[in-house]
Number of protein chains: 2
Amino acid sequence: MSDTPLAIGIDFGGTTVKAGVLYRSNVISNAKPIETQNFQGADALVQEIARVIGELQKLHPNVAAIGVGVPGFVDFKTGLVHNVTNVEGWVRYPLKRRLEALTKLPVTAENDANCMAYAEWKRGSGRGVKNLVALTLGTGVGGGFVVNGQMVRGAKSLAGELGQASIDYQGRTGTYGNRGALEKYIGNVQIAETAVEAYAAAGETKTLEECSPAHLAKRAIRHDLIAQQVWNGVAEKLACALMNCCWLLNPEAIIIGGGVARAGTVLFVPLEQALQRQLSTPFKESLRILPARFGNEAGIIGAATLALEEAGYNVDD
Amino acid sequence: MSDTPLAIGIDFGGTTVKAGVLYRSNVISNAKPIETQNFQGADALVQEIARVIGELQKLHPNVAAIGVGVPGFVDFKTGLVHNVTNVEGWVRYPLKRRLEALTKLPVTAENDANCMAYAEWKRGSGRGVKNLVALTLGTGVGGGFVVNGQMVRGAKSLAGELGQASIDYQGRTGTYGNRGALEKYIGNVQIAETAVEAYAAAGETKTLEECSPAHLAKRAIRHDLIAQQVWNGVAEKLACALMNCCWLLNPEAIIIGGGVARAGTVLFVPLEQALQRQLSTPFKESLRILPARFGNEAGIIGAATLALEEAGYNVDD
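Model, not experiment: these values are computed from the prediction. (Residues numbered from 1 in each chain as written. Chains lettered and ligands numbered in written order. Predicted model: local features only at pLDDT ≥ 70, side-chain atom pairs only at ≥ 80, totals over all residues. Heavy atoms only, no water.)

Student: What am I meant to see in the pairing of strand β3 (residues 26–30) of chain B here?
Tutor: Within a regular strand, the side chains alternate between the two sheet faces. Residue and element names in this part refer to chain B. Strand direction decides the pairing type here: strand β2 (residues 16–23) and β3, joined by 4 bridges, are antiparallel. By the bridge assignment for β3, G20 is matched with N30. Following β2, the chain reverses through 2 residues before pairing antiparallel with β3; R24 in that reversal takes a positive phi of roughly 50 degrees. (Pairing = 2+ DSSP bridges. Helix = DSSP H or I, 4+ residues; strand = E, 2+ residues; numbered from the N terminus.)

Student: Honestly, the domain arrangement of chain A in this entry has me stumped. Any pointers?
Tutor: Often, the extent of an interface is quoted as the loss of accessible area on bringing the components together. Residues and elements named next belong to chain A. The domain architecture assigned to chain A consists of domain 1 (6–116 + 297–310) and domain 2 (127–291). The C-alpha centroid of domain 2 is placed 27 Å from the C-alpha centroid of domain 1. Contacts between domain 1 and domain 2 engage 14 residues on the former and 17 residues on the latter. With both sides pooled, the region where domain 1 packs onto domain 2 buries about 1200 Å², and carbon together with sulfur makes up 53% of that total. Considering only the side of domain 1, the residues that lose the most area to domain 2 are F73, N114 and M116, jointly responsible for 47% of the buried surface there. Across the contact surface, domain 1 and domain 2 share 1 salt bridge. Two residues, R153 and E110, come together in a salt bridge whose shortest N-O distance is 2.7 Å. Across the domain 1-domain 2 interface, the total number found is 4 residue pairs in polar contact (both at pLDDT 80 or more). Among the elements of the structure, β6 (72–75), β7 (80–84), β9 (107–111) and α3 (112–123) are those that each provide at least two residues to the side of domain 1 that touches domain 2. Ranked by residue count, the leading element in the side of domain 1 that touches domain 2 is β6, at 4 residues. (Domains from an automatic or database assignment. Contact = heavy atoms within 4.5 Å. Buried area = accessible area lost by both parts, 1.4 Å probe. Salt bridge = Lys/Arg side-chain N within 4 Å of Asp/Glu carboxyl O. Polar contact = N/O pair within 3.5 Å; in protein donor to acceptor, adjacent residues only side chain to side chain.)

Student: Sorry if this is basic, but what is going on with the packing of helix α5 (residues 188–201) of chain B against helix α6 (residues 213–221) of chain B here?
Tutor: In a pair of packed helices, the angle between the axes and the distance between the axes together describe the arrangement. Residue and element names in this part refer to chain B. Taken N-terminus to C-terminus, the directions of α5 and α6 make an angle of 50 degrees; their axes are 9 Å apart at the nearest point. Classified by the angle between their axes, α5 and α6 sit oblique to one another. Only P213, L216 and R219 of α6 make contact with α5, whose side of the interface consists of N188, I191, A195 and Y199. Residues of the contact of α5 with α6, tallied by class, amount to 5 nonpolar, 1 polar and 1 charged. (Axes fitted to C-alpha atoms, helices over the stretch in contact; angles between N-to-C directions. Parallel < 35°, antiparallel > 145°, perpendicular 65-115°, else oblique. Nonpolar A, V, L, I, M, F, W, Y, C, P; charged D, E, K, R; others polar.)

Student: When you look at the state of the cysteines in this model, what are you seeing that I'm missing?
Tutor: By definition, a disulfide is the covalent link that joins the sulfur atoms of two cysteine residues. All names here are of chain A. One pass over the full model with this rule turns up 0 disulfides over all chains. Residue C115 stays outside any disulfide, its sulfur separated by 19 Å from that of C245, the closest cysteine. Residue C245 stays outside any disulfide, its sulfur separated by 6.9 Å from that of C246, the closest cysteine. The class of C245 is buried, set by a relative accessible area of 0%. (Disulfide = S-S within 2.5 Å. Buried < 20%, exposed > 50% of the residue type's maximum accessible area, 1.4 Å probe, protein only.)

Student: How should the relation of the copies chain B and chain A be read in this particular structure?
Tutor: Once chain B has been moved 0.0 Å along the axis and rotated by 180 degrees, it coincides with chain A to within an RMSD of 0.0 Å. When the rotation and shift are considered jointly, the pair of chain copies conforms to a two-fold rotation axis. Identified as the residue of chain B closest to the rotation axis by C-alpha distance is B:D168, at 2.0 Å. The fraction of interface residues of chain B whose copies in chain A are also interface residues reaches 98%, indicating that both copies meet through the same surface. (Least-squares fit on C-alpha atoms with pLDDT ≥ 70 in both.)

Student: Whenever I open this one, the side chain of B:E110 confuses me. Can you help?
Tutor: As for its position among the elements, B:E110 is in strand β9 (residues 107–111). Of note is the side chain of B:E110, whose polar atom sits 3.4 Å from the side chain of B:N114.

Student: Could you clarify how one ought to interpret helix α6 (residues 213–221) of chain A in this entry?
Tutor: Given 3.6 residues to a turn, an α-helix orients residues that are three or four positions apart in the same direction. All names here are of chain A. Where α6 is concerned, the buried positions are P213, L216, A217, R219 and A220. Summarising the axial view, the buried residues of α6 lie within an arc of 165 degrees, below the 170-degree limit, and thus occupy one face. Every exposed residue of α6 that faces more than 90 degrees away from the buried side is listed here: A214 and I221. Residue H223 follows α6 closely and has a positive phi angle near 70 degrees. (Arc of directions from axis to C-beta.)

Student: Looking at this structure, I do not really get the environment of A:V17. What am I missing?
Tutor: Residue and element names in this part refer to chain A. Mapping V17 onto the fold places it in strand β2 (residues 16–23). What makes V17 buried here is its relative accessible area of 2%. Between the C-alpha atoms of V17 and P71, which are 54 residues apart in sequence, the distance is 11 Å.

Student: Honestly, the packing of aromatic side chains in this entry has me stumped. Any pointers?
Tutor: Both the distance between ring centres and the angle between the ring planes are used here to describe each pair of aromatic rings. Applying the stated rule across the entire model yields 18 aromatic pairs over all chains. Both rings, one in A:Y118 and one in A:W121, keep their centres 5.8 Å apart while their planes meet at 85 degrees; by these two values the pair is edge-to-face. Residue A:Y118 and its partner A:W121 are located together in helix α3, separated by 3 residues, close to a single helical turn. Both residues of the pair, A:Y118 and A:W121, belong to the buried class. An aromatic cluster is defined as three or more aromatic residues linked by ring pairs; in this entry it consists of A:F73, A:Y176, B:W247 and B:F283. Over the ring of A:F76 we find A:R153; its NZ or CZ atom is 3.5 Å from the centre of that ring. (Phe/Tyr/Trp six-rings, centres within 6.5 Å; stacked < 30°, edge-to-face > 60°. Lys NZ or Arg CZ within 6 Å of the ring centre and 35° of its normal.)

Student: So what exactly am I meant to see when it comes to the sheet that holds β7(A) here?
Tutor: The pairing of strands in a sheet happens through backbone hydrogen bonds and is either parallel or antiparallel. All names here are of chain A. Across the sheet, 3 strands lie side by side as β6-β7-β8; this open sheet has antiparallel pairing. With partners counted over all chains shown, the strands left at the sheet margins are β6 and β8 (91–94), one partner each. For this sheet, the mean inter-axis angle between neighbouring strands, taken without regard to orientation, is 20 degrees. Relative to β8, β7 is paired through 3 bridges, and the arrangement is antiparallel. In the sheet register, N83 faces β8, and the bridge partner there is V91. On the sheet, helix α2 (residues 95–103) packs against β7 and β8 and is oriented at approximately 35 degrees with respect to β8.

Student: Just to check I follow, could you spell out the sheet that holds strand β14 (residues 288–291) of chain A for this structure?
Tutor: Residues and elements named next belong to chain A. Taken together, 5 strands build an open sheet; the order of strands is β12-β11-β10-β13-β14 and the sheet is mixed. Where the open sheet ends on each side, the last strands, each with one partner, are β12 (150–151) and β14. Examined bridge by bridge, strand β11 (residues 141–147) and β12 share 2 bridges and lie antiparallel to one another. From the neighbouring strand, V146 faces β12, where its bridge partner is M151. Those strands touched by helix α8 (residues 265–277) are β10 (132–137), β13 (253–257) and β14, and its axis lies near 160 degrees from that of β14.

Student: Help me understand the interface of chain B and chain A, please; the structure alone is not making it clear to me.
Tutor: Contacts between chain B and chain A engage 51 residues on the former and 51 residues on the latter. For the pair chain B and chain A, the two sides together bury roughly 4100 Å², of which 63% comes from carbon and sulfur. One can count 0 salt bridges joining chain B with chain A. Of all elements in the fold, only β11 (141–147), β12 (150–151), α7 (225–249) and α9 (281–285) of chain B reach the threshold of two or more residues within the side of chain B that touches chain A. Considering every element that reaches the side of chain B that touches chain A, the biggest residue donor is α7(B), with 9 residues. Residues of the side of chain B that touches chain A, tallied by class, amount to 24 nonpolar, 17 polar and 10 charged.

Shown next as structure tokens:
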């Protein structure tokens, strides 16, 4: 074990910040999660993260690098965080520079969905794939792409924002004025809202909580027609965005993770059907739709793996 | 000139097949166009193409490679043409193999929009750009992408089909069952049809010919409100597809060519506005919208340049 370097992955979320120590594909040690909202401003939170890293280093002194997955727009090259969704005080914050100063270790900062994509590509369902679309379905919709065996980052390392892509040029307005943003249709809350309305239209009163994706999935499996219709609608909208990824990037695999993906067949079956209906043969022939290997730990695993690779270690083991 | 190799580019279209000899960025010799529909089946047409290549070689004996831009799905790696839009008899046709057998020269076959993208990237408006979206607006809508300084081809070299991507998950049905296919809204014919309807609604009778993009652009410049509205609608729909490319790929530049792009400001101004309204700041900061450098010759230039590069020559001159 001493030959294989360890890395710390940080999964920065709107509710909690989780940190773990990665050895190959396994998180071998977890820190107690930090409550994000207990810390006012970016600097206070980063100091707490540095403290937690210090605690983990006491257990594992041979940590070689730190990776942070950030729920927002991050310039991967410079480690500058442009903004963080749902957390105040994070505007144009030099995360890499500040955390490196505090920890004296090399730090890599990357969008959280790109970290998930990276985890699946290097350690999970997408190993060995040269052209890959990975997405994570939860409160929001995030994406990460691999093209020609490389992560797609783009001009300012901002690529992969599948949740902001449009499925309707006249549709719902997204966070950035973007009409038809996918996230505004199939985020956690939007699915629940759609279901509440569908039940109400059928004369049934249900709360948002009763219509959470987890509850809806259970009901759909038990042949609740309204729940099934809601999932068919989610599949139709998701298929539109994924079909676009196929026409544009012609991937070998689409990997789907995140809480909403746990719905399983009630989502995946109509999704595959909708893609089959809307792609030409050569695009379909080589395409696989795969569930993600990693669940809650995908962010930690991806951020830590990326940090190791950026620090010059071979992670294709 | 003898040091710089020549290549022949073939621009295979539904109406004509054009061939030219490329020296650096210039087409120095053109063959008489072949009427596509005069030849029944792929083999007959390919034999005629080989004959025309032979004629060009009499004038320029030092041709090193042949590139063909094909209006359909082509597997770049194998040179297999899956199908050609609007030309019968082209299904799973081994174009590269057959044309190499006839000409004894290395042949490269590539999608025509990818050839256009390649021409602009290597010789035109996109020189030196590492992340690029190129599109061509005409009868259909084609695209080609550069990511991390490489062409995006995907699993079966089919990537870049921007015209098939959806702008409305419940929209018009495309050629492959794909709901909301961009091409079904802003192809040449669709623009004219939209305009005929808009004039009719205002009590004016106009023919499709009178509503061609070229005529519509002239009228819009002369402050014809209906023509301007039609172009605003084209811009809105195109912006949706290009915004998606930005969210997904974060390009430094979008290059727009093809006949419809000649509309100029009546298209480009509302297009830029619609993109400005629907992208977050860091995505916009580094983005340039550029007209293509090459017009009708883009296909020949791109196919020939690509063929030279595939044959091992340096084309970054």
